[in-house]
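# Structure at a glance
This is what each chain is made of:
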Amino acid sequence: MKRILVTGGLGYIGSHSVVELQQSGYEVVIVDNLSNSRADVVDNIQAVTSVRPAFEKVDCTDLDAMEGVFKKYAGIEAIIHFAASKAVGESVQKPLLYYRNNIVSLLNLLELMPRFGVKGLVFSSSCTVYGEPDVLPVTEDAPIKPATSPYGNTKQINEEIIRDFVKAQDGVNAILLRYFNPIGAHPTALLGELPNGVPQNLVPYITQTAIGIREQLSVFGDDYDTPDGSCIRDYINVVDLAKAHVIAIDRILNDKQKERVEVFNIGTGRGLSVLELVDMFQKATGVKLNYKITGRRAGDIEKVWADPRKANEELGWKAETSVEDTLLSAWKWQLKLREKGIQ
Ligand code: NAD
Ligand code: WQD
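Position numbers for residues count from 1 along each chain, tracking the sequence in the order it is written. Ligands are numbered from 1 and chains lettered from A, in the order in which they are written. Totals for whole chains, interfaces and linings use all residues, but because this is a predicted model, local features are given only for residues with pLDDT of at least 70 and pairs of side-chain atoms are given and counted only at 80 or more. Heavy atoms from the whole structure form the basis of all side-chain values; hydrogens and water molecules are not counted.

Here a residue is considered near a molecule or strand provided that any single heavy atom belonging to it is located within 4 Å of it. Near ligand 1, the surroundings consist of 28 residues, among which D32, N36, S37, N101 and Y151 are the closest. Take S35: an N or O atom from its main chain is 3.1 Å from an oxygen atom of ligand 1. Distance and chemistry together define a polar contact, namely a pair of N or O atoms within 3.5 Å, with one atom able to donate a hydrogen and the other to accept it when in protein, and with adjacent residues in sequence counting only for side-chain atoms on both sides. Separating an oxygen atom of ligand 1 from a side-chain N or O atom of K155 is a distance of 2.9 Å. Accessible areas in this description were obtained via Shrake-Rupley with a 1.4 Å probe; residue shielding takes into account the shown protein chains only. Calculation on ligand 1 without its partners gives an accessible area of 830 Å², and the protein chains cover 95% of this total. Helix numbers and strand numbers start at the N terminus; a helix is a DSSP run of H or I with at least 4 residues, a strand a run of E with at least 2. Secondary-structure elements contributing two or more residues to the shell around ligand 1 are helix 1 (12–23), helix 5 (95–115), strand 5 (120–126) and helix 6 (150–168). Ranked by residue count, the leading element in the shell around ligand 1 is strand 5, at three residues.

Okay, structure coming up:
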């Protein structure tokens with residue numbers, strides 16, 4: 001069985017990806033410092049797959065501890081690196097925390113890869129690297145725009161560090177997956193997003209409002225240059241997104257890459273406005289949502305959605321789950337959290 005290290009594997013996207021990896025026959029070792037997740041996610045992964053992944057509570061910025069993980073679990077063949085701080089607003093307030101966590105974590109992994117014979121890295125990048133695109137849908141060769149937050153900058157810098165390192169280091173390859181807006185939860189409602197405090201992202205805010213934790217959703221602006229005036233995004237189901245990671249790992253381990261660093265957009269190719277998403281949520285769940293239009297949120301992109309054809313054609317990956325089913329899964333997850341008394 002091939003052994004894969006998953007950093008940040010107890011987080012939102014990581015936990016769903018661990019499930020898909022295990023269900024595809026990989027053996028998973030998770031490293032997570034629990035800074036934005038709970039240890040009982042391991043139990044929930046096991047409940048879905050009937051396999052308990054190895055878990056080490058280790059901080060990726062701790063080089064010695066990370067070395068210990070590679071020694072303990074000999075023969076790690078590839079890494080999926082999810083571990084990062086990801087709150088855009090917080091990154092503006094605490095830039096050093098973001099640069100330290102997101103950059104040192106990557107440097108440590110890269111340093112250890114050749115020492116332990118690790119062939120490949122799949123990296124969690126983001127559509128944030130495109131900023132406000134000039135051409136839509138956005139393709140992988142669209143220009144990288146100056147980052148609008150320290151968080152976004154860490155993604156750009158990490159991409160560059162990976163490119164430089166692969167160039168200098170024979171035997172190490174990488175795939176950069178640029179996610180658009182991941183939403184939804186596992187269909188079992190055993191895994192999902194666990195926002196810390198007041199959610200910054202749209203769908204957790206919607207589900208928390210629908211269940212009564214928040215009083216009202218603010219729709220940030222209806223005066224954008226879009227058909228209904230609200231911003232447009234490409235909302236990708238988290239399980240579909242997780243599956244792209246398994247394909248990327250297969251591709252690295254089976255020497256299928258066309259270039260030693262490949263980049264793929266992971267999105268649906270469909271742009272939806274905030275108001276359309278709110279409407280779809282109400283129709284899919286039958287729950288009425290209390291919302292109001294407020295002013296724009298500083299720094300928001302007006303519209304962005306993916307051209308996913310490269311991933312469709314070269315990876316053979318495609319977003320499959322409908323937005324309606326995805327919103328329903330997010331709602332079921334919110335109901336499950338209440339049942340468990342978590343949120
Ligand atoms: P998340 O916060 O749910 O998961 C990240 C996990 O990493 C958490 O479990 C956290 O405890 C852990 N972690 C953070 N720093 C760590 C460290 N130094 N050492 C060990 N563990 C650490 O976030 P997510 O939404 O699952 O995002 C996963 C990755 O995808 C991140 O790199 C994020 O930047 C990227 N991404 C996310 C989105 C999104 O909208 N969710 C979009 C694009 C890219
Ligand atoms: C989506 C839309 C808001 C909340 C962020 C990061 C980006 C990437 C994905 C990691 C926007 C609107 C939101 C609310 C609203 N993450 N909204 N009311 O801004 O596309 O991207 O997550 O890489 O880097 O910036 O996602 O979910 O915050 O917002 O009207 O209460 O919903 O204005 O149009 P965003 P989001």
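There is more to say after this.
This brings us to the domain arrangement of the chain. Annotation comment: domain bounds sourced from an automatic or database domain assignment. Considered domain by domain, the chain is made up of domain 1 (3–183 + 236–266) and domain 2 (202–233 + 269–339). Taking the mean C-alpha position of each, domain 1 and domain 2 sit 24 Å from one another. In what follows, residue pairs with any heavy atoms lying within 4.5 Å of each other are defined as contacts. At the interface, 24 residues of domain 1 touch 22 residues of domain 2. In short, buried area is how much 1.4 Å probe accessible area vanishes from two parts on joining, totalled over both. Contact between domain 1 and domain 2 buries roughly 2200 Å² in total, counting both sides, with carbon and sulfur atoms accounting for 64%. Ranking the residues of domain 1 by area buried against domain 2 places L136, I183 and D240 at the top, with a combined share of 24%. Salt bridge, as applied in this entry: a Lys or Arg side-chain nitrogen positioned within 4 Å of an Asp or Glu carboxyl oxygen. Counting every contact that joins domain 1 to domain 2 gives one salt bridge. Among the salt bridges present, the one from R251 reaches E314, with a minimum N-O distance of 3.6 Å. Inspection of the region where domain 1 meets domain 2 yields 11 residue pairs in polar contact (both at pLDDT 80 or more). Within the residue set of the side of domain 1 that touches domain 2, elements represented by two or more residues are strand 7 (181–183), strand 10 (235–237), helix 8 (238–253) and strand 11 (261–266).

Glancing now at the side chain of H186. Secondary-structure assignment places H186 in the loop between strand 7 and helix 7 (202–211). The cut-offs for exposure are 20% and 50% of the maximum accessible area for each residue type, with area from a 1.4 Å probe on protein chains only; residues under the lower value are buried, those over the upper are exposed, and the others partly exposed. What makes H186 buried here is its relative accessible area of 7%. Ignoring sequence-local partners within four residues, the contact set of H186 consists of H16, V19, V48, L191 and V239.

Another aspect to go through is the pattern of salt bridges. The full count for this structure, using the stated rule, is 21 salt bridges. Residue R251 pairs with E262 through a salt bridge whose shortest N-O separation is 2.7 Å. Of this pair, R251 sits in helix 8 while E262 is found in strand 11, placing the two residues 11 residues apart along the sequence. Note on accessibility: R251 and E262 belong to one class, buried. Residue D279 pairs with K283 through a salt bridge whose shortest N-O separation is 2.9 Å. Here K283 and D279 lie together in helix 9 (residues 274–285), a separation of four residues that amounts to about one turn. When its relative accessible area of 35% is taken as the criterion, D279 is described as partly exposed. The exposed category is assigned to K283, whose relative accessible area is 65%. One connected set of salt bridges, linked through shared partners, spans E67, K71 and R115.

Here the focus is the site of ligand 2. Of all residues adjacent to ligand 2, which total 19 residues, the nearest are S126, Y151, S218, R233 and D300. Y151 places a polar side-chain atom, nitrogen or oxygen, 2.6 Å from an oxygen atom of ligand 2. Measuring from an oxygen atom of ligand 2, one finds a side-chain N or O atom of D300 at 2.5 Å. When ligand 2 is considered free in solution it has 680 Å² of accessible area, and contact with the protein chains removes 87% of it.

Turning our eyes to something else, we now look at the pairing of strand 5. Most of strand 5 sits out of view: seven of its seven residues are buried. Side chains G120, V122, S124 and S126 of strand 5 all project onto a buried face; the interleaved residues L121, F123 and S125 project onto the opposite face, where all are buried too. One bridge is not enough; two strands pair if DSSP finds at least two bridges between them. Here seven bridges tie strand 5 to strand 6 (residues 173–179), and the two strands are oriented parallel to one another. Bridging from a neighbouring strand, G120 pairs with N173 of strand 6.

Relative to the helices and strands, I266 is located in strand 11. Counting along the chain gives 40 residues from I266 to A306, while the straight-line C-alpha distance between them is 7.4 Å. Each residue touching I266, except ones within four places of it in the same chain, is listed here: L177, R178, Y179, F180, I236, L241, A244, A311, L315 and W317.

As summarised here, the arrangement of the seven strands in space is 3-2-1-4-5-6-11, forming an open sheet in which the pairing is parallel. In the strand order of this sheet, the two ends are held by strand 3 (54–56) and strand 11, each with one partner. Sheet twist, expressed as the average angle between the axes of neighbouring strands with direction ignored, equals 20°. Axes here refer to lines fitted to C-alpha atoms; in helices the fit is confined to the stretch in contact. Angles between the N-to-C directions go from 0 to 180 degrees. In the packing of helix 1 onto the sheet, contacts are made with strand 1 (3–7), strand 2 (27–31), strand 4 (76–81) and strand 6, and the angle to strand 2 comes to roughly 160°. Lying over the sheet, helix 6 contacts strand 5, strand 6 and strand 11, oriented at roughly 155° with respect to strand 5.

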